[in-house]
Amino acid sequence: MIDIIRSSMKSLKKKHGWIFILLPVILLGIFFFLITLNNVHTETYDIERFSNANAIIRSPITIENEKETKRKTRETVQSVQDRYDISNEVTNEQISYIKELFAAVTKLKEEQVVTDRTEDTAQGPLTDQEKVTNLKQILSEEISNSVDDSTLIKFFNFSQDDLEKAKNNYITALEETLNHGVRTENLQTAKTNMRQLIQFSNLGESLKEPLNELTDFAITENSFFDYEKTSEARKEAATIVDPAMIRAGEVIVREGQPITNEIYEQLELVGLLDEERNIFPLIGLALLIILICSLIGLEMYRTAKENDWNSGKIIAVFLTCLIVVSLMKIISLFSTQANQLFFATPIATGVLLIKILVNERTAIILAALYSILGSVIFNNQIADALNVEVGIYFLLSQLAGIIFLMNTKDRLAILKGGTGIAIVNILTVLLFLFLSFEKYSWSDLITHASYGIVSAFLATVLTIGLLPVFETVLGILTDIKLLQLSNPNQPLMKKLLTEAPGTYHHSVMVANISETACEAVGANGLLARVGAYYHDIGKTIQPHYFIENQVSMRNPHDFLEPKESAEIIISHANNGAEMLKEHKLPEEIIDIAKQHHATSLVKFFYFKEKENNEDVREADYRYPGPNPQTKEAAIICICDSVEAAVRSLKEPTKEKIEEIVASIVKDKVSDGQLDESPLTLKELKIIQGAICKSLKGIFHSRIQYPMKEAN
């Protein structure tokens, strides 16, 4: 089935690139939408007022209950007490009146004493009424009109010391009472408090009586309503009232609870009684999915172009997305706010596979997109919520996998990467726990940290388990697969070594030179090395017809016609490709075997035939091709010819090596054998230099050791 999909996609790839990408992207979009639908879809209820709820109903959104907010604001404003302004003018005026009264009494008493000493005593002392009359003449009208004569007369009966003591105590009590503010509604209370202060003072009982009678005059209203301050205080109180919010996930009504008017209004407010509100979260989800799939599509398109529209890698991205999102959804079904199983999600599986199968850039982009989808999937089915904690945890876990998977050429590197993921997961889990206001026990810390370890372990196991499936089913050639193929114990390698040792040695030499040349221009050196190992595997069918395998024997071509010899030589390319197909080697290796001679001419037998037949067809002595389609195949094509030519030199000096390499490169360019490869002229010059450098290291000059003369 996969082969059918791949073959159909190949027919579309270069002519209709976007169609090649569009189908998996659309399928992913549909899949993502269906998976996350219940995370944003709000269930509605057919509920009547005053009935009983059949289930626990939670708010799907966070919204302000404006009616409740207004009620709270109104109550808060009403609770603000009126603001009053104490008049210092009235306070000071009343105190001055009391001081004036005591001063007048004191003055009249002193004058009376002087009069008694100088005037004729026969005239007799002043009566009480005369004393009051004299006192009123010097007092303010407010005091004279407000204080009874009987009260004034009593002050004349006390000594100067008693009056001074009474004045000080009274003024102190008066200041204290007036400074607290006296309003119309608490006037009597203020007077009562004033009398209590007098009562509990250290004055004599005879003094307390006139002072208490004076209180009705002394205590007066001095605190008046301040409209501006009161209005400002009420406004300030209204601004600090927190809005009455219905939080997403908050229980509105429990099962069996009556649906009161208040509850019904809350259900209506959050949209649980209104079908039309449910379409908005779906529109938002659709927009999110479109954005995510667009990014995936653009990255798949870029990856496809860079890899010559490799359908296997596109399918790998598609399948990886399905696997990762499915894992998240399955675990979300069992995850709650209490157990937080999302910590155990093997989220790094996808990016580990993508980094190995495709490239690191694609893995990083998908890591971000998986984190966004995870924040939706693990939102506890609250329509307007994204679980940011999940998003951060997933992102850090995946980035750790990408960073710690440093060497994609070794399966053990996946285990090392898993260790790095586990460490980052534990640190992230502890970070969330320590930032929380809740207090966690040691058992909670260990449990949640173990989830991070489980996540890393499962990601490692799944990656190691799924990688061979992707490599085999999708035909994706990874560095790990290439290293396996380079093992000398591989059946075809052993066959080449035992049946065609000369060809084996030639292949190893070509592999070394090709790898160096590829790395010089940024091509895949490991692919070139492994491809070179197998490029001449077809020679194992008739190994003795190839000169590198002819040891101590007569060349069998001496007994054949040039055309027959050419056919044997030419056939090894296709024979090798067929052998590689039978052993199910990757397509890239098979292509190198087919293309390593391009459409070059078998010159030796062609010119040998031409000596006898001027009408010989050149096409009969050319390889069928095709010409190299990749940088790696083109470089092997050059290195194969160069190695054979340099090996044939008796004395391969530096100048001869440079000359023969330049000649072969020029010949292949002029013959059109490199026209279909992506190599540029600049890269060819770099490759030429790298090949010369490698060959000089291999065929370096050696010291001629003198031979010992025989005795």
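Check the entry above for the structure.
Basis of the calculations
- As a convention, each chain's residues are numbered from 1 in the sequence order in which they are written.
- Totals for whole chains, interfaces and linings use all residues, but because this is a predicted model, local features are given only for residues with pLDDT of at least 70 and pairs of side-chain atoms are given and counted only at 80 or more.
- Hydrogen atoms and water are omitted, and side-chain values are computed over all heavy atoms in the structure.
- A helix here means a DSSP run of H or I that spans at least four residues, while a strand means a run of E at least two residues long, and both kinds are numbered starting from the N terminus.
- For the radius of gyration, the atoms used are the C-alpha atoms, and the globule rule reads 2.2 Å times the number of residues raised to 0.38.
- Note on exposure labels: buried denotes an accessible area under 20% of the residue type's maximum, exposed denotes more than 50%, and partly exposed covers the range between, all computed with a 1.4 Å probe on protein chains only.
- Here, Shrake-Rupley sampling with a 1.4 Å probe gives the accessible areas, and only protein chains in the shown set may cover a residue.
- Here the positive residues are Lys and Arg and the negative ones are Asp and Glu; neither His nor the chain ends is included.
- For this purpose, a charge sits on NZ of Lys, CZ of Arg, CG of Asp or CD of Glu.
- Put simply, a salt bridge is a Lys or Arg side-chain nitrogen that is within 4 Å of an Asp or Glu carboxyl oxygen.
- Within this analysis, patches are made of residues with over 30% relative accessible area and no salt bridge. Like charges are joined at 9 Å or less; nonpolar side chains (Val, Leu, Ile, Met, Phe, Trp, Tyr) at 5 Å or less.
- For Phe, Tyr and Trp, rings pair up if their centres lie within 6.5 Å, where Trp contributes its six-membered ring, and each pair is then called stacked (planes under 30 degrees apart), edge-to-face (over 60) or tilted (otherwise).
- Any two residues whose heavy atoms approach within 4.5 Å at even a single point are treated as in contact.

Overview of the overall build of the protein chain
Item 1. For the protein chain, the count of helices and strands is 29 helices and 6 strands.
Item 2. The C-alpha atoms of the protein chain give 52 Å as radius of gyration, which overshoots the globular expectation for 711 residues (27 Å, by more than 25%).
Item 3. Each principal axis of the C-alpha distribution contributes one length, and for the protein chain these read about 185 × 80 × 45 Å.
Item 4. Out of the 711 residues in the protein chain, the part that is buried amounts to 45%.
Item 5. When the accessible surface of the protein chain is split by element, carbon and sulfur atoms take 55% of a total near 37,900 Å².
Item 6. Taken as two groups, the 70 positive and 92 negative side-chain charges of the protein chain have centres that lie 12 Å from each other.

Looking at the pattern of salt bridges
Item 1. Tallying each qualifying case throughout the model produces 27 salt bridges.
Item 2. Among the salt bridges present, the one from R195 reaches D216, with a minimum N-O distance of 2.6 Å. With a gap of 21 residues between them, R195 in helix α9 (residues 187–199) and D216 in helix α10 (residues 205–218) connect regions that are remote in the sequence.
Item 3. A relative accessible area of 44% places D216 in the partly exposed class.
Item 4. Between E205 and K208 there is a salt bridge; the shortest N-O distance is 3.4 Å. Pair noted here: E205 and K208 are both in helix α10, with a separation of 3 residues, about one helical turn.
Item 5. The exposure class of E205 is exposed, given its relative accessible area of 55%.
Item 6. By relative accessible area, K208 is classed as buried at 6%.
Item 7. Three or more residues are tied together by salt bridges with common partners; here these are E68, R71 and E75.

Focus: unusual backbone geometry
Item 1. A cis amide bond, omega 5°, links G625 with the succeeding residue P626.
Item 2. Within the element layout of this structure, P626 appears in the loop between α26 (603–610) and α27 (631–647).
Item 3. Look at F50: it is not a glycine, yet its phi comes out positive at around 70°.
Item 4. Relative to the helices and strands, F50 resides in the loop between α2 (17–40) and β1 (57–58).
Item 5. Given a relative accessible area of 60%, F50 falls into the exposed group.
Item 6. With a phi close to 50°, A598 is a non-glycine residue in the positive phi region.

So, a nonpolar patch on the surface
Item 1. Where nonpolar side chains cluster on the molecular surface, the patch consists of I279, F280, I283, L287 and I290 and spans about 520 Å² of accessible area.
Item 2. Within the secondary structure, F280 sits in helix α13 (residues 279–306).
Item 3. With relative accessibility at 61%, the residue F280 sits in the exposed group.

Some points on the packing of aromatic side chains
Item 1. Inspection of every chain in the model, using the stated rule, returns 14 aromatic pairs.
Item 2. Between Y393 and F394, the aromatic rings sit 6.1 Å apart at their centres with planes inclined by 50°, giving tilted as the arrangement.
Item 3. Here the aromatic rings of Y606 and F607 are separated by 5.1 Å at their centres, their planes lie at 70°, and the arrangement is edge-to-face.
Item 4. A residue is classified by how much of its surface remains accessible, and Y606, at 6% relative accessible area, is buried.
Item 5. A relative accessible area of 44% places F607 in the partly exposed class.

Things to note about the environment of E48
Item 1. Here E48 is to be found in the loop between α2 and β1.
Item 2. By relative accessible area, E48 is classed as exposed at 59%.
Item 3. In sequence terms E48 and I331 are 283 residues apart; their C-alpha atoms lie 36 Å from each other.

Concerning a negative patch on the surface
Item 1. Taken together, E89, E93, E141 and E142 make up a surface patch of like negative charges.
Item 2. Listing elements by their share of the negative patch, those giving two or more residues are α4 (88–118) and α6 (141–146).
Item 3. Tracing the backbone through its elements, the reader meets E93 in helix α4.

Concerning the environment of L37
Item 1. Summarising the element assignment, L37 is placed in helix α2.
Item 2. As for L37 and L282, which are separated by 245 residues in sequence, their C-alpha atoms are 7.5 Å apart.
Item 3. For L37, the residues in contact, after removing those within four places along its chain, are L282 and L285.

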